[in-house]
Amino acid sequence: MIQLLQILRKKQGIAISLHRELMSCTPALNPEHGGIGEDEKANWIEAWLRNNGLCQVQCMDSQDQRVPRKLRPNLVAHYNPPNSECTLWIVTHMDVCASGP
């Protein structure tokens, strides 16, 4: 765990830059709150992962008639480091809550 934290500390600047770029995408507002979903954000994430060769990306979209494309994107990224016996899973969501109360 200490090794992982040391590696992450060295990548802090990259992480902040990526976060800024991700936040500049159209808000991925949930359709329950009048948004159009996560398409733009998912496309950005998928392109970044593919362009940086970090992992294999699999799309597992779900149907949702409330958004323009009628699909909500779901990405599964498979990271297989060489000679590794461990797997790190990060599970998160791409949509955001509506502002206000």
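Use the structure listed above.
Residues numbered from 1 in each chain as written. Predicted model: local features only at pLDDT ≥ 70, side-chain atom pairs only at ≥ 80, totals over all residues. Heavy atoms only, no water.

Structural notes on the overall build of the chain
Looking only at helices and strands, one finds 3 helices and 4 strands in the chain. Ordered by position from N to C terminus, the α and β elements of the chain give α-α-α-β-β-β-β. Its C-alpha atoms give the chain principal-axis dimensions of roughly 45 × 30 × 25 Å. Looking at the 101 residues of the chain, the share that counts as buried comes to 20%. Across the chain, the fraction of contacts at a sequence separation of at least 24, relative to all contacts at a separation of at least 6, is 42%. By element, 56% of the accessible surface of the chain is carried by carbon and sulfur atoms, the whole surface being about 8200 Å². Here the chain contributes 10 positive and 10 negative side-chain charges, whose respective centroids are spaced 7 Å apart. (Helix = DSSP H or I, 4+ residues; strand = E, 2+ residues; numbered from the N terminus. Buried < 20%, exposed > 50% of the residue type's maximum accessible area, 1.4 Å probe, protein only. Contact = heavy atoms within 4.5 Å. Areas by Shrake-Rupley, 256 points an atom, 1.4 Å probe, with all protein chains shown as cover. Lys, Arg positive; Asp, Glu negative; His and termini not counted. Charge placed at Lys NZ, Arg CZ, Asp CG, Glu CD.)

A few points about unusual backbone geometry
Here Lys70, not a glycine, exhibits a phi torsion of approximately 65°, which is positive. The phi torsion at Asn83 lies on the positive side, around 60°, for a residue other than glycine. As for its placement among the helices and strands, Asn83 is situated in the segment after β4 (75-78).

Re the layout of surface pockets
Estimates place the volume of the largest pocket at around 2300 Å³. What lines the largest pocket is a set of 43 residues, among which Leu49, Ala77, Tyr79, Leu88 and Ile90 lie closest to the centre. Secondary structure elements with two or more residues in the lining of the largest pocket: α1 (2-10), α2 (12-23), α3 (39-51) and β4. The dominant element in the lining of the largest pocket, judged by the number of residues it contributes, is α2, at 7 residues. Residues that form the lining of the largest pocket fall into these classes: 28 nonpolar, 10 polar and 5 charged. (1 Å grid on protein atoms, 1.4 Å probe; cavity = no way out; pocket = protein on both sides within 12 Å on 5 of 7 lines; lining within 4 Å. Points joined across faces, edges and corners; volume = space filled by probe spheres on them. Nonpolar A, V, L, I, M, F, W, Y, C, P; charged D, E, K, R; others polar.)

Observations regarding the packing of α2 against α3
Two elements in contact, α2 and α3, have axes separated by 10 Å at closest approach and are oriented at 145°. Listed contacts from α3 to Leu18, Glu21 and Leu22 of α2 are Lys41, Trp44, Ile45 and Trp48. (Axes fitted to C-alpha atoms, helices over the stretch in contact; angles between N-to-C directions.)

Considering the side chain of Asp95
Mapped onto the elements, Asp95 comes out in the segment after β4. For the buried Asp95, no salt bridge is present, and the opposite-charge side chain at shortest range is Arg72, 4.1 Å distant. A distance of 2.9 Å separates a polar atom in the side chain of Asp95 from a polar atom in the side chain of Asn30. Here His93 takes part through its side chain, which lies 2.8 Å from a polar atom of the side chain of Asp95. Excluding residues that lie within four positions of it along the chain, Asp95 makes contacts with Ala28, Asn30, Glu38 and Arg72. (Salt bridge = Lys/Arg side-chain N within 4 Å of Asp/Glu carboxyl O. Polar contact = N/O pair within 3.5 Å; in protein donor to acceptor, adjacent residues only side chain to side chain.)

Side note on the nonpolar core
In this structure, Ala42, Ile45, Leu49, Cys55, Val57 and Met94 together form the largest nonpolar core, which totals 6 residues. In terms of residue count, the dominant contributor to this core is α3 (3 residues). (Core = buried A, V, L, I, M, F, W, Y, C linked by side-chain atoms within 4.5 Å.)

Re the environment of Trp44
You can see Trp44 is positioned in helix α3. Its relative accessible area of 22% is what places Trp44 among the partly exposed residues. Those residues in contact with Trp44, other than ones at most four positions away along the chain, are Leu18, Glu21, Leu22 and Cys25.

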